[in-house]
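Listed here are the chains, written in short residue letters.
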Amino acid sequence: MKFGFNSFGGGFSRILARKKLLCLLLIAVICFAALADFFTLGLARRTFVFYNLNSGREVVEERMLRITPSREADVARYVQEALLGPFAHDLLPLFPREARLHTLLLRDGVVYADFSQEAVFPLEEGREVIYNFRTLRDGIFRNFPFVREVRFFIGGRAVHLG
């Protein structure tokens, strides 16, 4: 009996050791898969600035956006996301919901962005339109260090930020 009990105990400890090893192996495989997925998705953290409805203060919102092979497309995607507005309900968008980005070009570090006419209309409870364009410009500079200048247009007419 003694021989059978010891062999059972030894077998049980080997099974537990194998289960621990199997668990560690599964955890390693899952971590590797998650890391590979993260790198293949090609996401970048981008910050957006919106306004708090109650206090009127600026609030930063972060989003993960897909990186494209084109820097111009990355900047365009950022501007389009900024036009969509914040996720949080107590934050105000920078521009009216009807505002659209017509074109965006990136040439020699200068961004040229042309918006629809609706971008000129101020939000009822928001800040001035010029202040909103300055906020968007600062966000582009913060998220894209290769941009050295930003020029905005509304319906083909230049917006002077002063």
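Residues numbered from 1 in each chain as written. Predicted model: local features only at pLDDT ≥ 70, side-chain atom pairs only at ≥ 80, totals over all residues. Heavy atoms only, no water.

*Asks:* Would you mind going over the overall build of the protein in detail, with residue names and values included?
*Replies:* Counting secondary structure elements, the protein contains three helices and seven strands. Going from the N terminus to the C terminus, the protein shows its helices and strands as α-β-β-α-β-β-β-α-β-β. Taking all 162 residues of the protein together, 35% fall into the buried category. Considering only residue pairs separated by 6 or more positions, the protein has 57% of its internal contacts joining residues 24 or more positions apart. Total accessible area on the protein is roughly 10900 Å²; 61% of this is exposed by carbon and sulfur atoms. (Helix = DSSP H or I, 4+ residues; strand = E, 2+ residues; numbered from the N terminus. Buried < 20%, exposed > 50% of the residue type's maximum accessible area, 1.4 Å probe, protein only. Contact = heavy atoms within 4.5 Å. Areas by Shrake-Rupley, 256 points an atom, 1.4 Å probe, with all protein chains shown as cover.)

*Asks:* Summarise the pattern of salt bridges; cite the residues concerned and give the values.
*Replies:* A full pass over the atoms with the stated rule returns six salt bridges. Measuring nitrogen to oxygen at the nearest pair gives 2.8 Å for the salt bridge that ties Arg151 to Glu149. Residue classification places Glu149 among the partly exposed positions, given a relative accessible area of 27%. Residues joined by salt bridges that share partners form a network here, namely Glu61, Arg63, Arg77 and Glu81. (Salt bridge = Lys/Arg side-chain N within 4 Å of Asp/Glu carboxyl O.)

*Asks:* An account of the side chain of Ser116 is needed here, citing residue identities and associated values.
*Replies:* Mapped onto the elements, Ser116 comes out in the loop between strand E5 (110–115) and helix H3 (129–143). With residues up to four places along the chain from it excluded, the contact list for Ser116 reads Glu98, Ala99, Arg100, His102 and Ile154.

*Asks:* With reference to specific residues and values, describe helix H2 (residues 71–84).
*Replies:* Residues separated by three or four positions in an α-helix point in the same direction, a consequence of the helix having 3.6 residues per turn. With 14 residues, H2 extends 20 Å from end C-alpha to end C-alpha; this agrees with the ideal 20 Å at 1.5 Å per step. What H2 keeps buried is the set Asp74, Val75, Ala76, Tyr78, Val79, Glu81, Ala82 and Leu83. Where H2 begins, one side-chain oxygen reaches toward the backbone nitrogen of Glu72, 3.2 Å away; that side chain belongs to Ser70. Within two residues after H2, Gly85 carries a phi angle of roughly 95°, on the positive side. (Expected span 1.5 Å × (residues − 1). Polar contact = N/O pair within 3.5 Å; in protein donor to acceptor, adjacent residues only side chain to side chain.)

*Asks:* So what about a nonpolar patch on the surface? Which residues, and what values?
*Replies:* A contiguous nonpolar patch, built from Leu22, Leu25, Leu26 and Val29 and spanning about 390 Å² of accessible area, is present on the exposed surface. For Leu22, the location among the structural elements is in helix H1 (residues 2–41). (Patch = residues over 30% accessible without salt bridge, like charges linked within 9 Å, V, L, I, M, F, W, Y side chains within 5 Å.)

*Asks:* Please provide a residue-by-residue account of unusual backbone geometry, values included.
*Replies:* Positive phi values are uncommon outside glycine, yet Asp108 reaches one of about 50°. With respect to the helices and strands, Asp108 occurs in the loop between strand E4 (101–107) and E5. On the basis of relative accessible area, Asp108 is assigned to the exposed category, the value being 68%.

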